[in-house]
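# Notes for the structure review
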Amino acid sequence: MLQVKDLHASVVDADEEILKGLTLDIGPGEVHTIMGPNGGGKSTFANVLLGRPDYVVNSGSIKLDDEDIVDLLPEQRALRGLFLAFQYPAEIPGVRPWQFLKAALDARRDYAGEKPLSVREFSKLFDEKVEAVGIDPDLVKRSLNEGFSGGEKKRNEMLQLEMLEPRLAILDETDSGLDVDALRIVAEGVNSLRSPERSFLIVTHYQRLLNYIKPDVVHILVDGQIVETAGPELALEVEKSGYEKYLKAAAG
Amino acid sequence: MTLATARGEKYAVDFKALTESRPVSDWMSELRQRGWDHFDSIGFPTERRGNELWKYTNLAALDSAVFAFQRDEPGEVSAEVINECAPWSDDWTTLVFVDGRYSEMLSHVSADAGVEVKNISDAADDATLRENLAQHAAVDESAFSGLNTAFLADGGYVKIADNYEATSPVQLLYFTSPGASRASFPRTLVVAGNNSRSKVIETYVSLGAESGFTAPVAEYVLGSGTGIDHFRVLVENEESFHIGTTRVYQHDNSNFTSTSFALGPKIGRNDLHVLLDAPGAECTLNGLYLTTGDQHMDNHISTTHAKPHGTSHQFYKGVLSGNSRAVFSGKVLVKKDAQKTQAYQKDLNLVLSHGAEIDTKPSLEIYADDVQCAHGATAGHTDPEALFYMQSRGIDQKTAQAMLMRGFAAEIVDSIGIPALQDFVQGVTENTIPLLQAAAD
């Protein structure tokens, strides 16, 4: 489904590369995790996949179903099925979650050649998902993410994930700053959406979330490159022994 | 003869013609003459050096423009056009003025026992009118108060009885008709009795594309414990000059809430001053301005706290694009006696193009020692983080930007609270967003 090959990327107008030849394959229905020390490029990678304009891809390719998406706009990537649950979701003053998601879902259905949902159909779906994700219904009447607590923002990301049903969902440190209850909600969201067609890429610093979501593949990202790829047992190993050995190897 | 004299003579000719064609009662005639004398002695404030009040707004183009003053019958406006171009509800009382002249035929009155609504020139015998007219916007306060008073004729006069809660809003709707470059000097006076509640809308709309000049003066007097929700809606064309003066006088524990919406003029000025002249008075002055092309909108907002326990809010928001320019010059003066004053000022701007410019200057002048005041101003492009967030959900950049602009305006628009008016302002904003976007970088 997603094939990343020898990807080099840096911050716009900066010389130093953050991603230095990253290669990774994710098949349909697979759950992958990227772990690694801070500053290794995890968040950069998640954002580069969605085309955040702060980053520039210098070389390499990102293929989604054999189509290179490196030159596509973020919205074009989203319409092709990519989704990013943000580490720090932006606050959108004056825009209500309902209105925002309606616009997003309309765009998606339009791209797929489907008619937009009626306001009634949309409301029904929206209310169901709000309840499922456990968001305070009063909260979604406010401006999107404005004045939301950290946990509420993350739940709101899960609401959007459930509404938009992407083919590849990237979770950028969604677990950071969450209490156990919120963590469980995120995990339940992901687990309930797992299907043979839908893949996940979970970016995390800690193994904690992986107690609830069992990944198929674990990658270690250090200094802009994947340095090790293995099964779920790798996460536990890292939890025990830390990233030191990788850092030493990278420095050496 | 210099050119300046020639222009002065232009208004002089119109003034003389008016006194002949539209005679008014003696006291009004006297006011007119005082107004003319003041304007005639100072002319337009075109001086560029040391002219603090007009520092960011150059009136040279206004000074050199020539307009036809409407002495006789106003230009024609149909009821259909009104419905299209102005806020309207059959539940309201709306007095319609075309080119400064009252049109009984186009006006619509909804009976409301405690609310008197009249054309000023038909109310010369009204003692309250006489006591208050030109008392709060002094004739010699500025060139524009002078000029407006010199041409005193028609205008909206609203009187609300003591302890009366108005059942529906009153709108004073001032049109400039198409077909000529017209000048008009609308006058508004609202006197709200003690403990009354009312909603008053002043609307200024230019219907044609010609350059026009509108210099309204409005005075509001709030009795003890009185509440007025005031709205000032400006939808002028981009060749027009609009220099508006609003003066508000508040007695104790009164509450004046004002929302200004400004769209269009080549040179626009919303000069609003509120005097909190008794304890416990409160005012909230909100505004939204949208500018593009070569438009220029100057919001000159000031509040004077003269007595203790007053509260004031100034909250203006602007969206600027193209080569337009906007000014927020907000002032709060807290006098020595005005202890326990609370005053807040905020001006937030979305600046969408490099050619656009905002001059924002919130300022506090405080002579009391026990006060709570805060002010702030921002100017920036649509938040790139917010844009990326929305795009990452599949919303294209243009749509996302429009949603952000709509959201930015919503804080003011959604607070209007009169459905037909809110719908109108929302509609105009919605139609303007693509124009702002088209002129953005």
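### Side note on the overall build of chain A
A count of helical and extended segments in chain A gives 8 helices and 10 strands. Radius of gyration (C-alpha) of chain A: 18 Å, near the 18 Å computed for a compact globule of 252 residues. Principal axes of the C-alpha set define a box for chain A whose edges measure 60 × 40 × 35 Å. Residues counted as buried form 42% of the 252 residues belonging to chain A.

### Details of the sheet that holds strand E9 (residues 217-222) of chain A
Residue and element names in this part refer to chain A. A sheet is described by the order of its strands in space; here 6 strands give the open sequence E6-E7-E8-E3-E9-E10, paired in mixed fashion. Each end of this open sheet is capped by a strand with a single partner; those strands are strand E6 (82-85) and strand E10 (225-230). Within this sheet the neighbouring strands show an average axis-to-axis angle of 20°, counted without direction. Where strand E3 (residues 31-35) and strand E8 (residues 199-204) come together, 5 bridges link them in parallel fashion.

### Details of the interface of chain B and chain A
Contacts between the two partners involve 20 residues from chain B, matched on the other side by 22 residues from chain A. Contributing elements (two or more residues each) for the side of chain B that touches chain A: helix H7 (384-391) and helix H8 (397-413) of chain B. Take the side of chain B that touches chain A: its biggest share by element is 9 residues, from H8(B). Each residue belonging to the side of chain B that touches chain A can be placed in one class, and the counts come to 8 nonpolar, 6 polar and 6 charged.

### Some thoughts on the nonpolar core
Grouped together as the largest cluster of nonpolar side chains are 161 residues, with contacts concentrated most on A:Ile170, B:Phe175, B:Tyr220 and B:Val319. Per-element accounting of this core gives the leading share, 8 residues, to H8(B). Sequence-distant contacts of B:Tyr220, that is, excluding residues within four places in its chain, are made with B:Val190, B:Ile228, B:His230, B:Val248, B:Tyr249 and B:Phe256. Of all hydrophobic cores here, the second largest spans 21 residues; its members include B:Ala143, B:Ala183, B:Phe185 and B:Ile267.

### Remarks on the pairing of strand E20 (residues 341-351) of chain B
Residues and elements named next belong to chain B. Of all 11 residues in E20, 8 are buried, a share of seventy percent or more. Bridge analysis of strand E18 (residues 311-320) against E20 gives 10 bridges, and the strand direction is parallel. Bridge pairing links Gln 314 to Gln 345 in E20. Pairing analysis gives 10 bridges linking E20 to strand E22 (residues 371-380), with the strands arranged parallel. Counted as the bridge partner of Tyr 344 is Ala 374 from E22.

### Looking at the sheet that holds E22(B)
Residue and element names in this part refer to chain B. Spatially, 10 strands are ordered E3-E2-E6-E9-E12-E14-E16-E18-E20-E22 in an open sheet, and the strand pairing comes out mixed. Pairing within the sheet leaves two strands with one partner each, and these edge strands are strand E3 (101-108) and E22. Pairs of neighbouring strands in the sheet enclose a mean axial angle of 10°, with direction left out of account. As defined by bridge partners, strand E12 (residues 227-235) adjoins strand E14 (residues 255-263) across 9 bridges and the pair is classed as parallel. Bridged to His 230 within E14 is Ser 258. Packing of H8 onto the sheet brings it into contact with E14, strand E16 (282-291), E18 and E20, and relative to E18 it is tilted by some 155°.

### Considerations on the environment of B:Lys317
Residue and element names in this part refer to chain B. Within the secondary structure layout, Lys 317 lies in strand E18. Since 22 C-beta atoms lie within 10 Å of it, Lys 317 is described here as buried. With 213 residues separating them along the chain, Lys 317 and Glu 104 place their C-alpha atoms 36 Å apart. Lys 317 has contacts with Leu 288, Leu 348, Phe 408, Glu 411 and Ile 412, leaving out every residue within four places of it along the chain.

### What about the environment of A:Arg80?
Residues and elements named next belong to chain A. Along the chain, the position of Arg 80 falls in the loop between helix H2 (74-79) and E6. As for Arg 80 and Ala 9, which are separated by 71 residues in sequence, their C-alpha atoms are 22 Å apart. Those residues in contact with Arg 80, other than ones at most four positions away along the chain, are Leu 64 and Ile 69.

### Focus on unusual backbone geometry
In this structure, A:Glu165 takes a positive phi of about 45° despite not being glycine. The residue A:Glu165 is located in the loop between helix H5 (150-164) and strand E7 (168-172) in this model. You will see that B:Asn195, though not glycine, has its phi angle at about 55°, which is positive. Relative to the assigned elements, B:Asn195 resides in the loop between strand E8 (187-192) and strand E9 (197-206).

Cut-off values and rules
- Residues numbered from 1 in each chain as written.
- Chains lettered and ligands numbered in written order.
- Predicted model: local features only at pLDDT ≥ 70, side-chain atom pairs only at ≥ 80, totals over all residues.
- Helix = DSSP H or I, 4+ residues; strand = E, 2+ residues; numbered from the N terminus.
- Rg over C-alpha atoms; globule rule 2.2 N^0.38 Å.
- Buried ≥ 20, exposed ≤ 12 C-beta atoms within 10 Å, placed from the backbone.
- Pairing = 2+ DSSP bridges.
- Axes fitted to C-alpha atoms, helices over the stretch in contact; angles between N-to-C directions.
- Contact = placed C-beta atoms within 7 Å.
- Nonpolar A, V, L, I, M, F, W, Y, C, P; charged D, E, K, R; others polar.
- Core = buried A, V, L, I, M, F, W, Y, C linked by C-beta atoms within 7 Å.

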